[in-house]
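# Coordinates in review
Spelled out from the first residue to the last, the chains are:
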Amino acid sequence: QVQFVESGGGFVQAGESLRLSCVASGSIASIDVVAWYRLAPGHVRDMVAAMNSGGRTNYADSVKDRFTISRDSAKNTIYLEMTNLHPEDTAVYHCNTSPPATHGNVEVWGQGTQVTVSS
């Protein structure tokens, strides 16, 4: 089972940008859909961006035209380019397959990377 390690989060001002990276422990070439999710306090984890192996992407309405997902199969890495960040983008960001990987009936998540956007 492929595991993911996220990085690149930080503390930024509204309007600034960040680039998140997610390195997989194995090949992502055979994974059809990879995605970025975020979990904000008091909210459920939501998918913000997804990309299939053919390069087709899908974004949550709240991040369209601001976030860009990409994947580099040669590096087994998934990226999330985030521009014009808003305070409401504050969350822990995770990458995973879509649907999320499971062990038994339990979803498996990495530690994620914290993004904090101040106004």
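The structure this text deals with has already been given above.
Residues numbered from 1 in each chain as written. Predicted model: local features only at pLDDT ≥ 70, side-chain atom pairs only at ≥ 80, totals over all residues. Heavy atoms only, no water.

### What to know about the overall build of the protein chain
Within the protein chain, the secondary structure is distributed over zero helices and 12 strands. A globule of 119 residues ought to have a C-alpha radius of gyration of about 14 Å, and the protein chain, at 13 Å, matches this closely. Along the first, second and third principal axes, the C-alpha set of the protein chain runs to 40 × 30 × 25 Å. For the protein chain, the proportion of its 119 residues judged to be buried stands at 40%. Within the protein chain, residue pairs in contact and separated by at least 24 positions form 56% of the contacts whose partners lie at least 6 positions apart. Summed over all atoms, the accessible surface of the protein chain reaches about 6300 Å², with 49% contributed by carbon and sulfur. The centroid of the 8 positive side-chain charges in the protein chain is displaced by 4 Å from the centroid of its 11 negative side-chain charges. (Helix = DSSP H or I, 4+ residues; strand = E, 2+ residues; numbered from the N terminus. Rg over C-alpha atoms; globule rule 2.2 N^0.38 Å. Buried < 20%, exposed > 50% of the residue type's maximum accessible area, 1.4 Å probe, protein only. Contact = heavy atoms within 4.5 Å. Areas by Shrake-Rupley, 256 points an atom, 1.4 Å probe, with all protein chains shown as cover. Lys, Arg positive; Asp, Glu negative; His and termini not counted. Charge placed at Lys NZ, Arg CZ, Asp CG, Glu CD.)

### Observations regarding unusual backbone geometry
Keep in mind that most residues, glycine aside, have a negative phi and that most peptide bonds are trans. Omega for the peptide link from Ser98 to Pro99 comes to 0°, which places this bond in the cis form. Structurally, Pro99 is set in the loop between strand 9 (91-97) and strand 10 (102-103). If you check the backbone angles, Asp65 has positive phi at about 70° while not being a glycine. Relative to the helices and strands, Asp65 is located in the loop between strand 6 (57-59) and strand 7 (67-72). The backbone of Asn76 shows a phi angle near 50°, a positive value even though the residue is not glycine. Along the chain, the position of Asn76 falls in the loop between strand 7 and strand 8 (77-82).

### Quick notes on the environment of Gly15
You can see Gly15 is positioned in the loop between strand 2 (10-13) and strand 3 (18-24). C-alpha of Gly15 to C-alpha of Gly55: the two residues are 40 residues apart in sequence and 27 Å apart in space. With sequence-adjacent residues up to four places away left out, Gly15 is seen in contact with Asn84 and Leu85.

### Regarding the side chain of Arg38
Turning to its location among the elements, Arg38 is positioned in strand 4 (residues 33-39). Within the structure, Arg38 has its side chain in polar contact with the side chain of Tyr93 (distance 2.9 Å). Leaving out residues up to four positions away in the same chain, Arg38 has contacts with Val44, Arg45, Asp46, Val48, Ser62, Val63, Phe67, Glu88, Asp89, Ala91, Val92 and Tyr93. (Polar contact = N/O pair within 3.5 Å; in protein donor to acceptor, adjacent residues only side chain to side chain.)

### Looking at the side chain of Ser118
Counting through the fold element by element, Ser118 comes out in strand 12 (residues 113-118). Take Ser118: its relative accessible area is 17%, and that puts it in the buried class. Ignoring sequence-local partners within four residues, the contact set of Ser118 consists of Phe11, Val12, Gln13, Ala14 and Pro87.

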